Amino acid sequence: MTMSKATGHDLPSLKKILVIGSGGRENSLAWALKRCPEIEEVWVTPGNGGTEEIKGCKRLTIKEEDIAGIQKACSIHQINFVIIGPEAPLAKGVADQLRALGLAVFGPDAEGAQLEASKDWAKNLMNEAGIPTAKHWTVTTETEALKILYDYGEPLVVKVDGLASGKGVTVAKTIIESEEAIKEAFAGRFGSAGRKLVLEEQLQGPEVSLFALTDGEDLVLLPPAQDHKRLAEGDEGPNTGGMGAYAPAPLLNSTAIEHAKKTVLEPTLEALKKQGIDYRGVIYAGLMITKDGPKVIEFNCRFGDPECQTLMPMMGPQLAKVLYACALGKLSSAPKLMISDCCSACVVAAASGYPNTPRKNDQIRVKLNVSPSVQIFHAGTTKDSNSNLFTSGGRVLSVVAQGEDFDKAFSKAYSGLEQIHFKGMVYRTDIGHQVRQFFTRES
Ligand code: AMP
Ligand code: GLY
C-alpha cells in the first residue's frame with residue numbers, strides 16, 4: 001500500500017458536504033472542510049450560532065436522526081457526502097440508513113459504533129484481540145457486582161455499559177464510593193444503559209487521545225492530543241466533556257505512536273474486520289500511559305471534543321478528500337494528509353453551572369478578530385434574528401490558537417479568550433500546564 005503516492009484523482013469529485021451535529025467538534029470540522037480548495041459548500045445540521053460565521057457554511061434545522069429530512073436535504077442541495085459527528089446518531093444506525101440510501105458516510109454503522117456504545121462489547125473485542133486494557137468484570141445484577149467488589153478488596157472503576165452522555169463512569173477513591181455507584185446504577189440512575197455494568201481495575205497514569213481515520217482497511221493517524229476532563233484547575237472538580245486540549249501531546253513520541261498503532265489500532269481494526277464490520281470513520285483510542293505501557297481506557301467511535309477543535313487547524317487541504325476516501329472505502333486512493341508541525345492549544349469557555357445546570361440565554365460579546373492562527377469555534381451558542389449571539393449550552397465556545405511552541409499557542413488562546421465576554425463565563429486557566437513553561441492560576 002503506497003498511500004502517499006495517490007493524488008485523489010481516482011475519487012469521485014466532491015464539492016458539497018453535510019456535517020451532522022451541533023457542537024464545537026462539528027463547527028471545527030465544517031471550518032476545516034471549507035478550507036479545502038475543492039469544497040464549495042459545507043452544510044451543518046442542526047449546527048449552532050457559529051455555523052454561518054464560517055464563509056461558505058450553511059445551517060439546516062434537521063434533527064440528527066431524521067433520515068428522511070437528511071435525505072431530502074442532500075437531494076435538494078446535491079450533497080453526496082455526509083459526516084456524522086456525535087456518537088448517539090452513530091449508535092442508532094444513522095450511518096447504516098444513509099448508506100443504504102446511496103450516500104457516502106464518514107462514521108461507522110451501528111454495529112461498529114458499539115466500540116463506544118457498549119463498554120462490554122468493546123472490552124470483549126479488546127480481550128479477543130489481545131489489546132492492552134484494564135482487567136474487567138461485566139455484571140448484570142447488584143449482588144454479583146458487590147460480591148466482585150468485596151472479593152477484590154480495592155475500589156473499582158464503575159462504568160455503565162451503554163451511552164450515558166459522559167456521566168456513566170465513576171472513578172471511585174474508596175470501596176464505599178464504588179458500592180454507591182453500583183447501587184445507584186442498579187436503582188435506575190442511567191435507565192436501561194445502567195442495567196449492565198463494567199467494573200474495572202483502576203489504572204494510573206496520564207491520558208492521551210489518539211485518533212485513527214479508517215476506511216475499514218487502512219489507517220491514518222492524527223497527532224495525539226491531551227484533553228482536560230475536570231472542570232477546575234489542578235484537575236479538580238467534576239468530570240466534563242472536556243475543558244481544553246493541546247496537540248501534539250509529547251506524552252507519545254513518534255516511536256510510542258508507532259507502538260500504539262501496532263498494539264492497539266491495527267489489532268482493533270483487524271478484530272472489527274473479523275466480525276465482518278466494515279468500519280469507516282474514526283477510531284478514537286483513549287489511552288492511559290501506565291508504568292507497563294499504554295493501555296486502552298476507552299474507545300469512542302467519533303472525534304473527541306475538544307480534541308477535534310485542537311487538531312482541525314493542523315490539517316492540510318487534503319482533509320476533505322481523505323475523509324471522503326474513508327467513506328468510500330478507498331483510503332489508498334486519497335492524497336497524503338499533510339499535518340502542520342505547529343503546536344495547537346484549545347481553551348473551552350463554559351457557562352456557570354456546567355456540567356450539571358449551565359445558565360443559558362446570556363448575550364455573548366466577541367471582540368476577537370480571528371486570524372490564520374487563532375480561531376473561535378462555537379458549541380452552545382445561538383443567534384437571534386438580529387445576529388446577536390447568546391449562550392445556549394454548557395460548553396459555549398472555544399478559542400484555539402497555533403504557535404511554534406506551546407507557550408506561544410496558549411498565550412494567543414488566552415489573549416483571545418479575554419476578548420470574549422458573557423455573564424458567568426468559566427474557563428480553566430491551566431490548560432496545557434503539562435507542556436507550558438509559564439502558567440498562572442489568576443486570570
Ligand atoms: P471513559 O468515559 O471510559 O473515558 O472514562 C472517563 C474517565 O474515567 C477517563 O478519562 C479516565 O480518566 C477515567 N477512567 C476510566 N477507566 C479508568 C480505569 N480503568 N482506571 C482509571 N481511570 C479510569
Ligand atoms: N474529549 C473527550 C470526548 O470527546 O469524549
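Residues numbered from 1 in each chain as written. Chains lettered and ligands numbered in written order. Predicted model: local features only at pLDDT ≥ 70, side-chain atom pairs only at ≥ 80, totals over all residues. Heavy atoms only, no water.

Would you explain the site of ligand 1 in this entry?
Neighbouring residues of ligand 1: 15 residues in total, closest Lys159, Glu200, Leu203, Glu207 and Glu298. Contact distances for ligand 1 include 3.0 Å between a nitrogen atom and a side-chain N or O atom of Lys159. Between Glu200 and ligand 1, the recorded distance is 2.8 Å, taken from a side-chain N or O atom to a nitrogen atom. In isolation ligand 1 has 470 Å² of accessible area, and contact with the protein removes 89% of it. Every element with two or more residues in the shell around ligand 1 is listed here: β7 (157–160), β8 (169–171) and β17 (293–300). In the shell around ligand 1, the residues fall into seven nonpolar, one polar and seven charged. (Near = heavy atom within 4 Å. Polar contact = N/O pair within 3.5 Å; in protein donor to acceptor, adjacent residues only side chain to side chain. Areas by Shrake-Rupley, 256 points an atom, 1.4 Å probe, with all protein chains shown as cover. Helix = DSSP H or I, 4+ residues; strand = E, 2+ residues; numbered from the N terminus. Nonpolar A, V, L, I, M, F, W, Y, C, P; charged D, E, K, R; others polar.)

Quick question: what am I supposed to make of the layout of surface pockets here?
Over the atoms rolls a probe the size of a water molecule, and in doing so it shows where empty space is left. Approximately 430 Å³ is the volume attributed to the second largest pocket. The wall of the second largest pocket is formed by 21 residues, among which Val220, Leu221, Lys336, Leu337 and Ile339 lie closest to the centre. Top contributing element to the lining of the second largest pocket by residue count: strand β11 (residues 219–221), with three residues. Grouping the constituent residues of the lining of the second largest pocket by class yields 17 nonpolar, two polar and two charged. (1 Å grid on protein atoms, 1.4 Å probe; cavity = no way out; pocket = protein on both sides within 12 Å on 5 of 7 lines; lining within 4 Å. Points joined across faces, edges and corners; volume = space filled by probe spheres on them.)

Mind showing me how you'd approach the side chain of Gln375 here?
Relative to the helices and strands, Gln375 is located in strand β20 (residues 374–378). What makes Gln375 buried here is its relative accessible area of 3%. Only 3.5 Å separates the side chain of Gln375 from the backbone oxygen of Pro372, close enough to count as a polar contact. Leave out the neighbours within four places in its chain, and Gln375 touches Trp31, Pro313, Val370, Ser398, Val399, Val400, Ala401 and Gln402. (Buried < 20%, exposed > 50% of the residue type's maximum accessible area, 1.4 Å probe, protein only. Contact = heavy atoms within 4.5 Å.)

Hey, could you run me through the pairing of strand β19 (residues 363–366) in this one?
Strand residues, when the strand is regular, have side chains that alternate between the two faces of the sheet. Relative to strand β22 (residues 389–391), β19 runs antiparallel, the two being bridged by two bridges. Each bridged residue has a counterpart across the sheet, and for Ile364 the counterpart in β22 is Leu389. Strand direction decides the pairing type here: β19 and strand β24 (residues 420–421), joined by two bridges, are antiparallel. Across the sheet, residue Arg365 finds its bridge partner in β24, namely His421. (Pairing = 2+ DSSP bridges.)

I'm lost on the nonpolar core in this one. Help?
One broad rule of soluble globular proteins: the nonpolar side chains tend to lie buried together. One finds Leu18, Ile84, Leu98, Leu265, Leu287 and Phe410 to be the most contacted residues of the largest nonpolar core, which totals 77 residues. If one sorts the elements of this core by residue count, helix α9 (residues 254–274) sits on top with seven residues. In this structure, Phe410 is in contact with Ala245, Tyr246, Ala345, Cys346, Val347, Ile431, Gly432, Val435 and Arg436, ignoring residues within four places of it in sequence. Core analysis: the next-biggest nonpolar cluster, separate from the first, contains 49 residues, Cys36, Val282, Phe303 and Ala325 among them. (Core = buried A, V, L, I, M, F, W, Y, C linked by side-chain atoms within 4.5 Å.)

Teacher, can you tell me more about the sheet that holds β8 here?
Sheet strands pair by backbone hydrogen bonding; their relative direction is either parallel or antiparallel. In space, the four strands of this open sheet follow the order β6-β9-β7-β8, with antiparallel pairing throughout. Because the sheet does not close on itself, it has two edges, and the strands there are β6 (136–139) and β8. Across the sheet, the axes of successive neighbouring strands diverge by a mean angle of 15°, strand direction being ignored. Bridge analysis of β7 against β8 gives three bridges, and the strand direction is antiparallel. By the bridge assignment for β8, Val157 is matched with Val171. Contacts from helix α8 (residues 175–186) reach β6, β7, β8 and β9 (197–200) within the one sheet, and its direction differs from that of β9 by about 170°. (Axes fitted to C-alpha atoms, helices over the stretch in contact; angles between N-to-C directions.)

How do you make sense of unusual backbone geometry when you look at a structure like this?
Glycine aside, residues mostly have negative phi angles, and peptide bonds mostly take the trans form. Residue Pro306 is bonded to the preceding Asp305 through a cis peptide linkage, with omega at 25°. Looking at the element boundaries, Pro306 is found in the loop between β17 and α10 (307–311). Of note, the bond from Tyr354 into Pro355 is cis; its omega dihedral lies within 30 degrees of zero at 10°. Phi at Asp235 is positive, roughly 55°, even though this residue is not glycine. Its place among the elements puts Asp235 in the loop between β13 (230–232) and β14 (236–239). Since its relative accessible area comes to 34%, Asp235 is described here as partly exposed. A positive phi is found at Ser387, a non-glycine position, where the angle reads about 70°. Relative to the helices and strands, Ser387 is located in the loop between β21 (381–383) and β22.

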